Every structure is written in C-alpha cells, then in structure tokens.
Amino acid sequence: MSAALSALIAELPDGTVVTDPDILASYRQDRARDPDAGTPLAVVRPRRTEEVQTVLRWANAHRVPVVPRGAGTGLSGGASALDGGIVLSTEKMRDITVDPVTRTAVVQPGLLNAEVKQAAAEHGLWYPPDPSSFEICSIGGNIATNAGGLCCVKYGVTTDYVMGLQVVLADGTAVRLGGPRIKDVAGLPLTKLFVGSEGTLGVVTEVTLRLLPPQHQASTVVATFASVEAAAESVLAITARIRPSMLEFMDAVAINAVEDKLRMGLDRSAAAMMVAASDDRGPAGAEDAEFMAQVFTEHGATEVFSTADPDEGEAFVAARRFAIPAVEAKGALLLEDVGVPLPALADLVGGVARLADHHELTISVIAHAGDGNTHPLIVYDPADAAMAERAAQAFGEIMELAIDLGGTITGEHGVGRLKRPWLADQIGPEAMELHRRIKDALDPNGILNPGAGF
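All residue numbers refer to positions counted from 1 along the written sequence of the respective chain. It should be noted that, the model being predicted, local features are given only for residues of pLDDT at least 70 and side-chain atom pairs only at 80 or more, the latter also being counted only at that level, while totals for whole chains, interfaces and linings use all residues. Note: side-chain values were computed over all heavy atoms of the structure, leaving out hydrogens and water.

Caption draft 1: Representation of the overall build of the chain in the model. Put simply, DSSP marks the helices as runs of H or I at least four residues long and the strands as runs of E at least two long, and each gets a number from the N terminus on. When helices and strands are counted, the chain shows 15 helices and 16 strands. As defined in this context, the radius of gyration uses C-alpha atoms, and a globule is described by 2.2 Å times the residue total to the power 0.38. Relative to its length of 454 residues, the chain is compact, with a C-alpha radius of gyration of 22 Å against a globular reference of 22 Å. C-alpha extents for the chain along the principal axes are approximately 70 × 60 × 45 Å. Using a 1.4 Å probe on the protein chains alone, a residue whose accessible area is under 20% of its type maximum counts as buried, one over 50% counts as exposed, and one in between counts as partly exposed. For the chain, buried positions account for 56% of its 454 residues. In the chain, of all internal contacts separated by at least 6 residues, the share reaching a separation of at least 24 is 72%. Under the convention used here, a 1.4 Å probe and the Shrake-Rupley method define accessible areas, while residue burial counts only the protein chains that appear. On the chain, roughly 18,800 Å² of surface is accessible, and the fraction owed to carbon and sulfur atoms is 52%. By the counting rule applied here, Lys and Arg register as positive and Asp and Glu as negative, while His and the ends of each chain are not counted. To locate a charge, the coordinates of NZ of Lys, CZ of Arg, CG of Asp or CD of Glu are taken. Taken together, the 36 basic and 59 acidic charged side chains of the chain have centroids lying 6 Å from each other. In what follows, a contact means two residues having at least one pair of non-hydrogen atoms within 4.5 Å.

Caption draft 2: Here's a closer look at the UniProt feature "domain: FAD-binding PCMH-type" (unreviewed entry) in the chain. Per the UniProt record, "domain: FAD-binding PCMH-type" (unreviewed entry) is annotated on residues 36-214. In this annotation, residues 36-214 is assigned 22% helix and 22% strand; the end-to-end C-alpha distance for the span is 43 Å. UniProt positions are given in the numbering used here, feature names are shortened, and annotations may be inferred rather than shown by experiment.

Caption draft 3: Inspection of the domain arrangement of the chain at higher detail. As used throughout, domain bounds are those supplied by an automatic or database domain assignment. We note that the domain assignment places domain 1 (94-208) and domain 2 (217-403) within the chain. The distance between the C-alpha centroids of domain 1 and domain 2 comes to 28 Å. If you look at the interface, domain 1 gives 11 residues, while domain 2 gives 14 residues. For this analysis, a salt bridge means a side-chain nitrogen from Lys or Arg found within 4 Å of a carboxyl oxygen belonging to Asp or Glu. For the pair domain 1 and domain 2, the interface holds 3 salt bridges. A salt bridge links K154 to D280; the nearest nitrogen and oxygen atoms lie 2.7 Å apart. By the criterion applied in these results, polar contacts are pairs of N or O atoms within 3.5 Å in which, for protein atoms, one can donate a hydrogen and the other can accept it, and in which residues neighboring in sequence qualify only through two side-chain atoms. In this assembly, domain 1 and domain 2 are joined by 5 residue pairs in polar contact (both at pLDDT 80 or more). For this classification, Asp, Glu, Lys and Arg are treated as charged, while Ala, Val, Leu, Ile, Met, Phe, Trp, Tyr, Cys and Pro are nonpolar and the rest, including Gly, are polar. Residue classes in the side of domain 1 that touches domain 2 are distributed as 7 nonpolar, 2 polar and 2 charged.

Caption draft 4: View of the packing of helix α1 (residues 2-11) against helix α3 (residues 49-62). Helix axes use the C-alpha atoms of the stretch in contact, all axes being lines fitted to C-alpha atoms, and the angles between their N-to-C directions lie in the range 0 to 180 degrees. Two elements in contact, α1 and α3, have axes separated by 10 Å at closest approach and are oriented at 165°. Viewed along their axes, α1 and α3 adopt a mutual orientation that is roughly antiparallel. Note that α1 runs across α3; the crossing there is right-handed. In this structure, α1 uses A4, L5, L8 and E11 to contact α3, whose residues at the interface are T54, V55, W58 and H62. Comment on the angle field: the value is read as roughly parallel under 35 degrees, roughly antiparallel over 145, roughly perpendicular from 65 to 115, and oblique elsewhere. Crossings are sorted by hand: turned counterclockwise from the far helix by less than a right angle, the near helix makes the crossing left-handed, and turned clockwise it makes it right-handed.

Caption draft 5: Local environment of the sheet that holds strand β10 (residues 219-225). Paired strands, in this sense, are two strands between which DSSP finds at least two bridges. The strand order across the open sheet built from 7 strands is β13-β10-β12-β11-β15-β16-β14, with neighbouring strands paired in antiparallel fashion. Looking at which strands have only one partner, the edges of the open sheet turn out to be β13 (303-307) and β14 (332-335). Put simply, the sheet's adjacent strands are angled 15° from each other on average, direction ignored. Pairing analysis gives 4 bridges linking β14 to strand β16 (residues 373-380), with the strands arranged antiparallel. Bridge assignment links L335 to a residue of β16, and that residue is L377. The strands that helix α13 (residues 345-359) touches are β11 (246-251), β15 (362-368) and β16; relative to β15, the one it contacts most, it runs at about 165°. Its contacts with the sheet place helix α14 (residues 385-404) against β14, β15 and β16, and it is angled at close to 170° to β16.

Caption draft 6: Highlighting a negative patch on the surface. Here the term patch refers to residues with relative accessible area over 30% and no salt bridge, with like charges joined within 9 Å and nonpolar side chains (Val, Leu, Ile, Met, Phe, Trp, Tyr) within 5 Å. A cluster of like negative charges, contributed by D309, D311, E312 and E314, occupies part of the molecular surface. Mapped onto the elements, D309 comes out in the loop between β13 and α11 (310-321). Here D309 falls in the partly exposed class, since its relative accessible area comes to 34%.

Caption draft 7: Region of interest: the packing of aromatic side chains. Geometry of aromatic contacts follows a simple scheme: Phe, Tyr and Trp rings, the Trp one being its six-membered ring, pair when their centres are within 6.5 Å, and the pair is stacked under 30 degrees between planes, edge-to-face over 60, tilted otherwise. What the rule picks out here adds up to 5 aromatic pairs. With a centroid separation of 5.8 Å and 45° between ring planes, the pair formed by F305 and F316 is classed as tilted. On the criterion of sequence distance, the pair formed by F305 in strand β13 and F316 in helix α11 is long-range, its members being 11 residues apart. The class for F305 is partly exposed, based on a relative accessible area of 32%. Ring geometry for F395 against W422: centres 5.9 Å apart, planes inclined by 70°, an arrangement best described as edge-to-face. Separated by 27 residues along the polypeptide, F395 in helix α14 and W422 in helix α15 (residues 420-442) bring together distant segments of the chain. For the pair shown, F395 and W422 are each scored as buried.

Caption draft 8: Representation of the sheet that holds strand β2 (residues 42-44) within the structure. Within the open sheet, the 4 strands sit side by side as β1-β2-β4-β3. Their pairing is mixed. Each end of this open sheet is capped by a strand with a single partner; those strands are β1 (17-18) and β3 (66-69). Across 3 bridges, the pairing between β2 and strand β4 (residues 86-89) is parallel. Along β4, the bridge assignment pairs V44 with L88. This element, α3, spans β2, β3 and β4 of the sheet and lies at about 165° to β4.

Caption draft 9: Seen up close, helix α4 (residues 113-121). Inspection of α4 places N113, V116, K117, A119 and A120 among the buried residues, and these make up the whole buried set. Projected onto a plane normal to the axis of α4, the buried residues spread over an arc of 165° and lie on a single side. Looking at the packing, one finds that the buried side of α4 touches β5 (96-99), β6 (104-107), α5 (139-145) and β9 (203-210). To be clear, the arc concerns the directions from the helix axis to the C-beta atoms.

Structure (structure tokens):
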C-alpha cells in the first residue's frame, strides 16, 4: 500500500495528500466524537473536481475506503475515519460565483454556509438554510445531511435550494445533474438522490443553489412557560393557522445553560421558552406576531414579550443558537436529532423527560418546534462507565420513542454511524433492501463511506 499511496501522491499537486500522523489524528472524528473512529492512511485535500476523480479512481482500483468530509461539524459520526482508509476533505474547494439575474450561486463544497450567505447578500440576495452552526459548517456537509435550521419551518431545508450538482462517483466518473433552471423534469430526479446521501453514493464537487430576495425584517415573540407540554401544544395552535418564519423551543436546562454564559436575563424558573418570529411584509407580520403572542398567553405562558426591533429579536435568536454549546459546557454530549409529526411533539418531549428521570441523566431538549424536529442533548461523563452506559441506553430509547410516535431518527443531522442500528426499525426491510440496491449500483466495491447511513 505504501507504493500505491506514493503513486497517488505523484498524481496530485504537492501537498494535496497528507500523511503526517499528528494531522491524521485531527481528521479522525467529526463533532460527534465517535469513540470507534479509526486512523486513516492519508488525508487528501483536493481543490478541483479532476483531483477528486483521481482519488476515487485510485481508491476504487485498490479497494481503499474513502470518507468524504466537509468542515467536520457533523453530529452523527458520518465523517468518522476508518483504519487504513482515505479521508477526502473538501475544505480547500472554495470557489463561488453568484448570478443575480438567475438568482443562483455556483458553489464548491468547502465554502461555509455563512460565506455563501455573505456572498449572496453582496448581490442583494439571501440563502435561507441556516443550521445553528452556520458560521462553521460547510455547504458540502449541509448537502450530505440535507441540513435544515431555524428558518426551515417556513423556508424549507437544503434540498429545497439545490438546483444542480456535479458529483464524482466511486469509479471516478464525474456527472452533472440538474442546473440553473426553474423547471426541469428531464429524467429521474437524481439530484435529490444525492442530497442527504451522506457521501455514500458520490462526492459532491459543485452545487448550484437557488437564492431568494432578502428576508424582510422580522417581528419576534418570546414566551416562557411553566410546563413543557403547554409550550409544545401552543405550536399546534400556531401552525394550524400561520407559517411563522421561526418557531423554536428551549427547555429549562437549555435556558439556564444559556443564561450561565450570556447573562441576558432569561427566566431561570421557566420550564420552557419559545422563540417565534414572522417576517411577512408590512402589517401581516405584526398581525402574525400578535396572534402568536395571543396563542402563547392562551396556553398558559407566564410571560410574553414582543418586539419589532431587529437587535432585540436577534438577541433571543442568538440565545437559541447558542443552546448546544452552552449545554455542552455541562459535560460531554450525546446529541440526538429526532422528529415527529407535530401532534406528537408534546408526547415526545414528555417521553424524553421520563427517560431522563429513569436513567438518572440530564437530558436537555431544544427544538425546531415548528416542524417537529427536536434535539435531545444527553449530558454525561465518559469517564463514568455506568453513566456512559445509561447515556447510550437513553440514546437508543429516544430514537425508539420517536419511531413509536410515527417519527424519524434524524431530521437534519443524518444517520451517520451512530444511528445506523436504528435505521431499519424506522424505514423497514423493503426500503433497506432498496437502499442496498442503489448503493450496489453506484458503488459496487463499497468504497464510499462504508458503515455510514446503511
């Protein structure tokens, strides 16, 4: 393999292939910190599609597994390295071109979500998908997991903005799919097949993104509740009538963790906090905000605060975005990403609380409540073997609870390696077999991210 790797190094520009052990160690895990991550043979950091083709031709010929990696912010172990494999990092693929006429951007996968937003804003346009990690996560990773975010209740998720892709398949073939066309139903919808496929079917080297006119200034409503169930039930009353631009949930653990860090005067006694917004133009936005405030009050909110001031509103949005790192300051996390139909949201939140009590664990729940996507955060001490075992048990039981409620084991983080054991329970044996057929057709030697997803 040493001689074979030398041949790959010779085919690529100087510095593209890295074998320094210290650098390899830094690419072993993504943010999920998978304890079973291996040590790669090399890290390859291409800049062009042709270089990715060279890597995959070599890997396919030598049956070497390839783990595609973006910014390493994934939360399901989808970019965990494999022993003796290649980590193919797209971090140096950073070109972008914005076309304000067609309202599109052609982007390489290494650009951060925030950088795409900034480039669009320079042309008076907006890229809506906004994971809480938007400042540090890459577009390639967003595509791999079909990432969502705080605005997804109204504006949808990554796939809703992907118009075209260039993808390199396992054998090194580069394929262009879709393009900057508003309507296009020629052939099978293969673009959608690759979005959310977690690097198991191909490596995305270029993406054409749909952009929107700038978002209107939002009216923000913040409410605190003495009951998490009451807060969850208010979501149904709101979404039955309007589609807010944001409808977010934080439980008591998250509220207090954020307050510990930001000191912004959040109510530490509250069981739950909702952060809602409407960005409809003119009087409609104010009317929606008034309606949401009324709903929160009718559902027993202990305090309701409304503002049309963008700085005040953004402060509460920033608090919600900061929830995961704030809770993480309390201990190591097992991060969940389970979703349910909206009528089952209160049952899911209540069920997680019961599991926390049963396993004697702290489990914080934050949520994109408007679409039923929750993020239970299990706090534990990895050095405490008994606690780590209880945390792992709770991790699986939360996914089983979501499935029992008609939900999903992942709404936007991907299956990765950490959730793989529960995928078949959700989608069933027939769909699992269909997954395997597609995988075998596109990657017959199984080199692309083996062990991730399915």
